[in-house]
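Structure assessment
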Amino acid sequence: MKHQTNVITQVISNTARLLSVAALILAIAFPDEGLSAPATVRIGVLAYDGKASALARWQPTADYLTKNVPGYAFHVVSLSHEEFNHEINKDSLDFILTNPGHYVRLEAVYGATRIVTFKASYNNQELTRFSSVIFAAKGSGIQQLSDLPGRRFAAVSQEAFGGFQLAQKALHDENIEALEELNILWLGFPHSDVVKAVLEAKADAGTVRTGVLENMVVEQKLDLSRLIILAQKETDDFPLLHSNELHPEWPFATLPGTKPSLARDVAISLLQMAATDIAAQAAGGKGWTIPMDYTSVHEVFRTLDIAPYKPVEVSVLDFWQRYWFWFVIFAILLVLTSLSLLRFFHTNRMLSQAQEELVGQQAQLESIVTQRTKELSELNERLKADVADRARSESNLKAGNR
C-alpha cells in the first residue's frame with residue numbers, strides 16, 4: 001500500500017514538472033500568448049474631405065499611438081457632424097479630432113477637453129492656424145463681398161467652421177446676413193465639390209477652408225487663374241489664400257469618459273511625434289503642439305449667435321415655471337410699496353387739511369383780535385370824551401356857585 005502511494009506521488013510530481021517545462025517552452029515560442037488583449041480605443045475624426053481620405057490621413061496616427069501607448073489598440077472612426085453626436089451619445093468614442101468650431105460645440109455640449117493642437121504643413125512651413133477662403137469664378141461679375149447678395153453660394157455645411165461659418169462671419173462684418181441674403185447650396189463634403197460647383201457655373205461663388213485650393217492645384221485639379229479671391233487678406237507667416245482672420249488648427253480632445261492616465265499618455269506621445277514620422281507626414285503636418293487658445297473661435301460664434309451661443313427661445317409658461325418665485329416676491333413688494341404710498345398720501349392729505357384749518361382759524365383769530373382792538377380803541381375814545389365832558393360840567397358848576 002505504501003509502495004503504491006509512493007508511485008502515485010512520483011507520477012504526480014513528474015507530471016507537474018512536464019507541465020512546467022511545456023509552459024516554459026510555450027512562453028518562449030509564443031511570448032504574447034496568455035497576455036490580455038489590448039483595449040480598443042476609438043478616435044472620432046471629422047471626415048471633411050470624405051471618409052476614405054480621413055481614414056488614410058489619420059489611421060497612421062492611430063497606429064503610432066498603438067505602438068507608443070502600451071496596452072491599447074487605437075482605431076480611427078471617420079464621421080460626419082451628425083454621426084459624431086450619435087457616437088458620443090452611445091459612449092463609443094474615447095477621443096475626438098475635428099475642426100475648432102465643431103470642437104467648441106462638443107466642448108459645450110459633451111464636455112470635450114483639448115489636450116494637443118495639430119501642426120499643419122505647407123511647403124515645409126509649420127502652420128498652427130488656419131482660416132477659410134471665399135472665391136468666385138472669373139467672369140461672374142462678382143468682384144467683392146457686396147456683390148454676393150441674391151447670388152448662388154456653395155458651401156459644405158452650415159455647421160462647417162472653415163467651410164461656411166468663417167465666411168458667414170466675414171459677410172456679417174459687411175452687414176450681409178448670409179442665411180437670409182444668399183441662395184446657399186449645401187453640397188456636403190468633400191470641399192472640392194464646392195470648387196467644382198463654382199467652376200461648372202452651378203454656383204456663382206463659394207467658400208472652403210484654407211489649403212483646399214492649393215492642394216487641388218498640386219493635384220492638377222484646378223487652374224487657379226479661373227477664380228477670383230474675395231476679400232483676400234495678407235498675413236505674415238501664413239502662405240495660404242484666405243479671406244478671414246486666422247484661428248487655431250484642429251485640436252485632439254478627450255471626452256469625459258476617457259481615463260485621465262490614458263489621456264496623459266496619449267498627449268505625451270503626440271507631443272513627442274517627430275515631423276519626419278510617417279504619421280505626421282500622412283496627416284500632412286509636422287506633429288503636435290500644446291493646446292492653443294480657442295477664444296477667437298468662441299468670439300465668432302458669439303458674433304453670429306450660433307451654438308453654443310444661440311439665443312434660447314423661452315415660452316411664457318417656461319419663463320413662469322423658472323421664475324415664478326421671483327414674480328411672487330416682486331408682487332408682494334409691489335403691494336407693500338403701494339400700501340405704503342397710499343398711507344403716505346392719505347397722511348399727507350390729512351396734514352394738509354389740518355394745516356389749512358389752522359391757517360383759517362389763525363386768520364379768523366387775527367380778524368377777531370383786530371375787531372376787538374378797534375372796539376376797545378373806540379371805547380377808550382368815548383371814555384376820554386366822557387371824562388372831558390364831566391370835567392367841563394364840574395368846572396361850570398363850580399363857576400356858577402361862585
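Our structure is the block above this text.
Structure report, in brief. Just so it is clear, the structure is predicted and the values come from calculations on it, not from any experiment.

Calculation rules
- Residues numbered from 1 in each chain as written.
- Predicted model: local features only at pLDDT ≥ 70, side-chain atom pairs only at ≥ 80, totals over all residues.
- Heavy atoms only, no water.
- Core = buried A, V, L, I, M, F, W, Y, C linked by side-chain atoms within 4.5 Å.
- Buried < 20%, exposed > 50% of the residue type's maximum accessible area, 1.4 Å probe, protein only.
- Helix = DSSP H or I, 4+ residues; strand = E, 2+ residues; numbered from the N terminus.
- Contact = heavy atoms within 4.5 Å.
- Arc of directions from axis to C-beta.
- Axes fitted to C-alpha atoms, helices over the stretch in contact; angles between N-to-C directions.
- Parallel < 35°, antiparallel > 145°, perpendicular 65-115°, else oblique.
- Left-handed = near helix turned anticlockwise from the far one by under 90°.
- Nonpolar A, V, L, I, M, F, W, Y, C, P; charged D, E, K, R; others polar.
- Salt bridge = Lys/Arg side-chain N within 4 Å of Asp/Glu carboxyl O.

By size, the foremost hydrophobic cluster in this structure holds 58 residues, and its most contacted members are Phe74, Phe95 and Phe252. Counting 20 residues, the second-largest nonpolar core is a separate cluster that includes Val195, Leu199, Met216 and Leu222.

So, about the side chain of Gln168. Within the fold, Gln168 resides in helix α5 (residues 161–173). If we ignore the near neighbours within four places in the chain, the residues touching Gln168 are Ala178, Leu179 and Leu304.

Structurally, the α-helix is built with 3.6 residues per turn, so residues lying three or four positions apart point the same way. Along helix α11 (residues 295–304), the positions that sit buried rather than exposed are Val297, His298, Val300, Phe301 and Leu304. For α11, the arc enclosing every buried residue in end-on projection is 155 degrees, short of the 170-degree limit, so these residues lie on one face. Of the residues flanking the end of α11, it is Asp305, one or two places downstream, whose phi is positive at about 55 degrees.

Once that is clear, we can look at the environment of Pro60. Within the element layout of this structure, Pro60 appears in helix α2 (residues 51–68). Of the residues examined, Pro60 reaches a relative accessible area of 21% and is grouped as partly exposed. Counting along the chain gives 219 residues from Pro60 to Ala279, while the straight-line C-alpha distance between them is 4.7 Å. In contact with Pro60, not counting residues within four places along its chain, are Leu55, Ala279 and Ala282.

Let's shift gears to the packing of α2 against helix α9 (residues 260–271). For the pair α2 and α9, interaxial distance at closest approach is 10 Å and the crossing angle is 115 degrees. Taken together, α2 and α9 sit at an angle that is classed as roughly perpendicular. Of the two possible hands of crossing, α2 and α9 adopt the one that is right-handed. In this structure, α2 uses Thr61, Tyr64, Leu65 and Asn68 to contact α9, whose residues at the interface are Val266, Ser269 and Leu270. In terms of residue class, the contact of α2 with α9 is made up of four nonpolar, three polar and no charged.

Next up on the list: the pattern of salt bridges. Tallying each qualifying case throughout the model produces 13 salt bridges. One salt bridge connects Lys119 with Glu126, and the closest N-O pair in it is separated by 3.7 Å. With a closest N to O distance of 3.2 Å, Arg152 and Asp204 form a salt bridge. Of the two residues, Arg152 sits in strand β8 (residues 152–155) while Asp204 sits in the loop between α7 (192–199) and β10 (205–209), which places them 52 residues apart along the sequence. Since its relative accessible area comes to 32%, Arg152 is described here as partly exposed. Overall, the relative accessible area of 15% leaves Asp204 in the buried class. Each of the salt bridges in this network shares a partner with another, and the network as a whole consists of Arg42, Glu87 and Lys90.

Here we take up the packing of helix α4 (residues 100–110) against α11. Packed helices, taken two at a time, are described by their axes: the angle between them and the distance between them. Packing of α4 against α11 leaves a shortest axis separation of 10 Å and a crossing angle of 80 degrees. Taken as axis vectors, α4 and α11 run roughly perpendicular relative to one another. Only Val297, His298 and Phe301 of α11 make contact with α4, whose side of the interface consists of Pro100, Gly101, Val104, Arg105 and Glu107. In terms of residue class, the contact of α4 with α11 is built from four nonpolar, two polar and two charged.

We now examine unusual backbone geometry. For the peptide bond that leads from Phe189 to Pro190, omega is 5 degrees, which places it in the cis range. Following Ala307, the chain continues to Pro308 via a peptide bond in cis, the omega torsion being 10 degrees. Examined against the element boundaries, Pro308 turns out to sit in the loop between α11 and α12 (316–401). Non-glycine residue Asn123 carries a positive phi angle of around 50 degrees. Looking at the secondary structure, you find Asn123 in the loop between β4 (113–122) and β5 (125–127). Taking relative accessible area as the criterion, Asn123 reaches 68% and is therefore assigned exposed. In this model, Asn175 sits at a positive phi of 65 degrees, which is unusual for a non-glycine residue.

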